[in-house]
Every structure is written in C-alpha cells, then in structure tokens.
Amino acid sequence: MNDIPDRPCTRWGVFARPDFRRLWLGETVSGLGNSITVVALPLIAVVVLDADSTAVGLIAAAVWLPWLLVGLPVGAWVDRMRKRPLMIACDLVSAVALVSIPLAVWAGALTLQQLVLVALVCGTATVCFNTAYHSYIRIVLDGRDLLEGNAKLQGSKAATQVAGPGAAGLLAQAVGAVSGLVADAVTFLVSAFCLKRIDVAEPAPTHDEERVPLRQQIAEGLRFLGRDRYLRWMVTWGAVLNMALMGSQAVQVVFLVRTLGLNSAMVGLLLTGSSVGGIVGALLTTRITRRIGTGRGLLLLQVVTAPFALLMPLTSAGPGLLLFVGGSFALGVGVAVANVVVGSFRQTYCPPRMLGRVVATSMMLNHSTIPLGSLLGGVLGDAVGPRPTLWIMAGVTAPCWLVLALSPMRHVRDLPLSYESEQAHQQLKGERSAT
C-alpha cells in the first residue's frame, strides 16, 4: 500500500498534500524548460545558422524521434525500477545537454549536427521522464484524486507552454536565443531539486517482473493495447492528430518570421495561443466531465474545437493575426481536455503492474507520427510554401475527431473506471445477449 493520507477536506484539494505540491512544481518547472527548448532550438537554427524549413523540421523531429526508437523498451524498463531517481537523472541530463550549446557558440563551433544531437538527447530524457511520471503520480495520489491531480498538472503544463514560448522569444530578444538556453538549463536543475524532496514511499519493483524477459514484457503491453476497445481508438486518433499538428508547427516559425515579417518576441507571443487554450481546457475539464461524462465530453470537445484549425492558414499581418490566435486557442482547449481525460483513464484503467508499458506504448505510437509530421511539414514548407502547408495540415486536423466517433465512446457517458470492471461488464452483457 502507498503511504497516502486520507483525502484532505479543504478547498485546496490535492494541493493540500506536500508531496503532490513538490511533484507538481517539479513537473511544472521541467515542462517550462521543455517549452523554452522547443522554441529556442528552431530560433537558434534560423537566427544563428540561417537554417531552412527542412533543417528546422529535422530539429523538431529529433525531439520526438526517441519515442519511436526507445519508447517500447523504456516502458518495460520503467515497470522494473523506481521512478523518482530516473526522473531526477533525466532532468540533470537535459540540463547538461542544453548548456553545451552556449558553450559551443561562445567557442565558435556550433553546428546543425550539434543542435540535432541535443534535441535527440533531450527528447530521450523526456521519454524516460514522462513515462516514469505517468506511473509515479499513482504513487503520490490515489484513484479518487487522479482526475483532479491530472487536471492541475495539465493546467500547469499548459501554463508553461504559455510562458515557455513567450520566455524564449523575450530572452532571444533581450539576451539572444543562445544565452537564453542557460536559463532553460536552470529550470531542469530546479525540477530535480523539487523531485528529490518528495517523501512518499515508493514500492520496490517486484522480482517476478524483473525475471520476465524484456521482449516478453513489451509484447504483453502491445497486446493489451491492441486488444482493448478503448485504448486502440484513442491511440489511433492521437497518432493522426499529432502528425497533423506537428506538420503545422514545423512551418509556423518560418511562416510567422519570413511570410508575415514578425520579430522573435511577437512569434513567441503568438505561439502561446494554444497554451492559453490549454489552460482554459484544463480548468474546464473537471466541470465538463462531471456534467456530461468523460467519454461524451472528450468526443464532443473534439467535434467542436478541431475545425478551428482551418483559421490558421488564413492568418495575415495586422488584425489578421487574431485568426492564428483563435485557431490555436481552440485547438489548445481540445487537446488539454483530451490529455486530462485520456491520461486519467489510463492511470485508473490499466493494471498497475503494466501501467508503465501501456503508457509508454500508447505514447510511443502517438508520438511515432510526430517526427513524420515534422519532417513532412518541413519538406512541404520548402516545396510548396508555409501557407499551403498549413492548409494541408489543417485539412487533416479538422475531421480527425471522426476516429473517436468510430469507437465505443459514442455510446457511453463515462469511460470505465478499471479494466477489470470493463471485462465484468462485457461478460455480463454477453450473458444477457445469450439468454
């Protein structure tokens, strides 16, 4: 059993728990660092190395490629070990990798290859951190508080995505994009310190799991995901959406800088639109799911928000910039609600011994299309131009909710609370049909 106290009767909810506050702060600061990195690396490529759209797309793809390369073994590996030490190590590795870029610039030795390598290292650390974090939250919070805890974590994540691009743009304007990476590295050190101070006892991995071959554990996670009638549709939808969103993001900086002629600070400000939507979505998730249900709420929010992607290619200078903000804001709302609902569903639904594998397998499949989308967006940006590329990606994003509409989600108000309860429900349903 986890050493989790009774749920506090306070208006602060899960924030009344010191260990959750430390986890929240550590994850939030680490997320701020990731948000700065995602904008800072392409800015450095464009401003310092005069890189083209294909090179920017390559850097964006390198951040996400580790999900495809190591996502499956990391999931099984995380199930075998303690999560918090791994998360701390990931923060420290990211800090060292980022500091190497300013050092290379000051030595006059920065290359595109180094930017790609740093993106790969930081991306690999993110794979390990996120997989461990999604399993570790069940150690800090029990099932009753997971939805609230995930909503607060998703809200802070969205907030860091507001602050991150804005901070990256302002730092680039004030001290240069390269010097800004020093502050970025510090955020990961702060995150490691916060995680180190968590007191909750983490159960030791079972020796039975360690004796099972890694390949067998990976296969078990894949089978569980492929056979489940909810998870497989969620993963398919996430993979399609991520490809389209990243294809769009791959050309957004080039579009805003070179097509519309905006400076770094304005680019950072505009890129916060989706993150502001993410904050709103995270704040609304609990209220929406209580009123109309987790399954129905997830589906309806995607139906409403996804078509707003069609506003972004219409963006022009001046008042036309509001189209970019409006489109990205609505998409941010939909994505935030989906992240809270799907993340909480996985954490309560999956058997605890398999959670790391199921999370990593889901995220690997979801993220496997991100490098493809980034590279495709970059190549299309050079071939047909940034604006036509935004139209192509918006044409995929707008109707992607149809994947969820094909799932059992269209028939249920709430997603099942656990795999065992869903199996019992299906068995009972089968017995009734037989009689």
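Quick caveat, the model's predicted, so the values are computed rather than measured.

Observations concerning the nonpolar core
Formed by 77 residues in total, the largest nonpolar core has its most connected members in L23, M87, Y136, L231 and L256. Those residues in contact with Y136, other than ones at most four positions away along the chain, are L23, K83, R84, M87, I198, V200 and E202.

So, helix α4 (residues 112–140)
Across its 29 residues, α4 extends 41 Å between first and last C-alpha, which sits within 8% of the 42 Å expected from 1.5 Å per residue. Along α4, the sharpest change in direction is near 30° and occurs at H134. Counting buried positions over the 29 residues of α4 gives 22, a clear majority of the element.

Here's the deal with the pattern of salt bridges
Under the definition given, this model contains three salt bridges. With its nearest N and O atoms 3.2 Å apart, the salt bridge here joins R22 to D199. Remark: D199 occurs in the loop between α6 (177–196) and α7 (207–211) and R22 occurs in helix α1 (residues 18–47); sequence separation between them is 177 residues. Given a relative accessible area of 18%, R22 falls into the buried group. Among the ionic pairs, D414 bridges to R413, the shortest N-O distance being 2.7 Å. You can call D414 partly exposed: its relative accessible area is 36%. Judged by its relative accessible area of 32%, R413 is partly exposed. Salt bridges sharing common partners tie together D19, R22 and D199.

What about the environment of T259?
Note on placement: T259 falls in helix α9 (residues 231–259). A residue is classified by how much of its surface remains accessible, and T259, at 39% relative accessible area, is partly exposed. As for T259 and R387, which are separated by 128 residues in sequence, their C-alpha atoms are 8.4 Å apart. In this structure T259 touches V254, P386 and R387, once residues within four positions along its chain are discounted.

Some words on the confidence of the model for the chain
On average, residues of the chain score 80 in pLDDT, and 84% of them reach the 70 mark or higher. Taken element by element, the predicted model of the chain shows its lowest mean pLDDT in α7 (55) and its highest in helix α15 (residues 386–397) (92). Taken together, the stretch residues 1–9 has pLDDT below 50 and engages in 21 contacts with residues farther than four places along the chain or on a different chain.

Looking at the side chain of T369
With respect to the helices, strands and loops of the structure, T369 is situated in helix α14 (residues 355–384). A polar contact is formed between the side chain of T369 and the backbone oxygen of N366, at a distance of 3.2 Å. Setting aside anything within four residues of it in sequence, one finds T369 in contact with A239, N242 and M243.

About the thresholds
Residues numbered from 1 in each chain as written. Predicted model: local features only at pLDDT ≥ 70, side-chain atom pairs only at ≥ 80, totals over all residues. Heavy atoms only, no water. Core = buried A, V, L, I, M, F, W, Y, C linked by side-chain atoms within 4.5 Å. Buried < 20%, exposed > 50% of the residue type's maximum accessible area, 1.4 Å probe, protein only. Contact = heavy atoms within 4.5 Å. Helix = DSSP H or I, 4+ residues; strand = E, 2+ residues; numbered from the N terminus. Expected span 1.5 Å × (residues − 1). Bend = angle between axes of the 7 residues up to and from the residue. Salt bridge = Lys/Arg side-chain N within 4 Å of Asp/Glu carboxyl O. pLDDT = per-residue confidence, 0-100. Polar contact = N/O pair within 3.5 Å; in protein donor to acceptor, adjacent residues only side chain to side chain.

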